[in-house]
Amino acid sequence: MTLLSGSREAILVDAGFGLEDTAAFAATLTDKPIRLILTHGHYDHILGAGWFSKAAVFAEDRELAQEHSTKFWRERALEEAGRKGIQTDETAFLSRRMPGWEPLGEKEIDLGGLSVRVVHCPGHTDGSAVVYVPERSLLLTGDDWNPCTWLFFPEALPVQEYRRNIQRLLELPFRYVLCSHRRELYERSMLEDFITGLSDETLLSAKPVDTGSWMGIQTVQAEPVPDQCLVFDSAKMNLNIRET
Ligand SMILES: [Zn+2]
């Protein structure tokens with residue numbers, strides 16, 4: 001999660017699992033009214049929306065957010081929390097109401113001295129959003145990129161479509177990148193090296209990798225640059241990659 005706070009308003013980008021009161025915690029960090037934007041519909045980004053009255057997500061991920069709010073995914077979150085020894089009120093967590101999903105659009109939002117540009121970047125999911133903050137020269141990539149990007153879920157786009165969309169991000173003049181699931185503030189060059197390394201040759205040389213037999217998908221891993229990987233569904237590659 002990332003909180004962006006201007007002089008008038010704040011935006012929380014993603015809501016996490018919501019095992020604790022996400023809205024109350026965010027309110028300890030800013031005295032401005034907070035609106036919630038979700039980078040995509042996966043349960044580890046949206047379940048915390050249950051602590052808010054509204055949440056905005058791109059229309060393409062609305063159904064995914066709905067599905068990832070169901071008991072199946074909540075129980076999965078509780079299992080993961082249990083493995084990490086995190087306590088929560090399980091009955092409340094399973095029954096917490098999600099807010100209505102408001103449509104997110106590509107737009108610039110002025111928070112007062114800090115602006116936020118929402119960009120639709122389908123890849124990790126069809127409705128994936130990235131957020132550009134010009135005053136901080138910062139790009140928030142959500143799950144669309146991190147040093148080990150996952151593109152193998154059924155809702156992920158074929159790898160060459162992802163590549164085309166993520167290449168466009170380099171038109172934005174950001175210097176720093178924050179992604180989900182990592183604490184570090186990365187330099188632009190990290191993302192740039194990843195994107196420029198995504199050649200056809202790199203993708204075609206991807207090696208099988210075990211992701212815990214997730215839904216029986218044959219996952220392969222490419223290394224566009226040393227120490228960074230892209231894990232994707234080889235079936236989607238075989239169908240499409242040679243056409244580019
Ligand atoms: Zn995700």
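Everything below is about the structure printed above this text.
Residues numbered from 1 in each chain as written. Predicted model: local features only at pLDDT ≥ 70, side-chain atom pairs only at ≥ 80, totals over all residues. Heavy atoms only, no water.

J.: I'd like to hear about the sheet that holds strand β9 (residues 138–140), residue by residue, with values.
T.: Spatially, six strands are ordered β6-β7-β8-β9-β11-β12 in an open sheet, and the strand pairing comes out mixed. Either end of the sheet is taken by a strand with one partner, and the two such strands are β6 (108–110) and β12 (186–187). Inspection of the sheet shows strand β8 (residues 129–133) paired to β9 by three bridges, in the antiparallel sense. Among the inter-strand pairings, Tyr132 is bridged to a residue of β9, identified as Leu139. (Pairing = 2+ DSSP bridges. Helix = DSSP H or I, 4+ residues; strand = E, 2+ residues; numbered from the N terminus.)

J.: Describe the coordination of the zinc ion, naming the residues involved and giving the relevant values.
T.: All of the protein donors around the zinc ion are His40 (NE2), His42 (ND1), His124 (NE2) and Asp143 (OD); their distances to the metal are 2.1 to 2.3 Å. Here the zinc ion is ringed by four donor atoms whose angles at the metal span 88 to 173 degrees, and the overall shape comes out irregular. Read in sequence order, the donor residues for the zinc ion give the motif H-x1-H-x81-H-x18-D. On the criterion of sequence distance, the pair formed by His40 in the loop between β3 (34–37) and α2 (43–46) and Asp143 in the loop between β9 and β10 (148–151) is long-range, its members being 103 residues apart. For the pair formed by His40 and Asp143, the shared burial category is buried. (Donors = N, O, S within 2.8 Å, 3.2 Å for Na, K, Ca; no water. Tetrahedral: all angles 85-135°; square planar, octahedral: opposite > 155°, others 65-115°. Buried < 20%, exposed > 50% of the residue type's maximum accessible area, 1.4 Å probe, protein only.)

J.: I'd like a rundown of the state of the cysteines, residues and numbers included.
T.: Overall, the coordinates contain one disulfide when judged by the stated rule. Across a sulfur-sulfur distance of 2.4 Å, Cys148 and Cys229 are joined as a disulfide pair. Between Cys148 and Cys229, the S-S dihedral sits near -100 degrees, and the bridge is therefore left-handed. Of the two residues, Cys148 is situated in strand β10 and Cys229 in strand β15 (residues 228–233); the sequence distance between them amounts to 81 residues. Exposure remark for Cys148: the relative accessible area of 24% places this residue in the partly exposed category. (Disulfide = S-S within 2.5 Å.)

J.: Would you mind going over the sheet that holds strand β13 (residues 207–208) in detail, with residue names and values included?
T.: Sheet architecture is open: four strands sit in the order β10-β15-β14-β13, paired in mixed fashion. Of all the strands in the sheet, just β10 and β13 have a single pairing partner and so form its edges. Two strands pair when backbone bridges link them, and β13 and strand β14 (residues 219–225) are joined in this way by two bridges, in the antiparallel orientation. Looking at β14, one finds that Pro208 is bridged to Val220.

J.: Residues and numbers for unusual backbone geometry, please.
T.: In the Ramachandran plot, Ser137 falls in the positive-phi region, its phi being about 50 degrees despite a non-glycine side chain. Inspection of the secondary structure assignment puts Ser137 in the loop between β8 and β9. With phi around 70 degrees, Asp227 is a residue other than glycine that occupies positive phi space.

J.: Lay out the pattern of salt bridges with the relevant residues and their values.
T.: Any two side chains of opposite charge can pair, on the condition that their charged atoms come close. Tallied over the entire structure, the rule returns eight salt bridges. Between Arg117 and Glu108 there is a salt bridge whose closest N-O contact spans 3.3 Å. Judged by its relative accessible area of 31%, Arg117 falls in the partly exposed class. Take Glu108: its relative accessible area is 48%, and that puts it in the partly exposed class. A salt bridge links Asp200 to Arg163, with the nearest nitrogen and oxygen atoms 2.8 Å apart. Of this pair, Asp200 sits in helix α8 (residues 200–204) while Arg163 sits in helix α6 (residues 159–167); the two residues are 37 residues apart in sequence, bridging distant segments of the chain. (Salt bridge = Lys/Arg side-chain N within 4 Å of Asp/Glu carboxyl O.)

J.: Lay out helix α7 (residues 188–196) in plain terms, naming residues and giving numbers.
T.: Side chains three or four residues apart in an α-helix point the same way, a direct result of the helix having 3.6 residues per turn. Of the positions making up α7, those classed as buried are Arg188, Leu191, Phe194 and Ile195. Looking straight down α7, one finds that the buried residues subtend no more than 135 degrees of arc, so they occupy a single side. (Arc of directions from axis to C-beta.)

J.: Break down helix α4 (residues 71–83) for me, with residues and values.
T.: In this model α4 runs 18 Å from its N-terminal to its C-terminal C-alpha over 13 residues, within 8% of the 18 Å that 1.5 Å per residue would give. Here α4 has its buried residues at Trp73, Arg74, Ala77, Leu78, Glu80 and Ala81. For α4, the angular spread of the buried residues around the axis is 160 degrees, confining them to a single face. Exposed residues lying more than 90 degrees from the buried face of α4 are Lys71, Phe72 and Arg83. Packing partners of the buried residues in α4 comprise α2, α3 (62–67) and α5 (90–95). In the segment just after α4, Gly85 is the residue with positive phi, at about 70 degrees. (Expected span 1.5 Å × (residues − 1). Contact = heavy atoms within 4.5 Å.)

J.: Give me the pairing of β8: which residues, what numbers.
T.: Of all five residues in β8, five are buried, a share of seventy percent or more. Here strand β7 (residues 115–120) pairs with β8 via four bridges, running antiparallel. Residue pairing across strands places His120 opposite Ala129, the latter belonging to β8. In sequence, β8 turns back onto β9 through a hairpin of four residues, with Ser137 there showing a positive phi of about 50 degrees.

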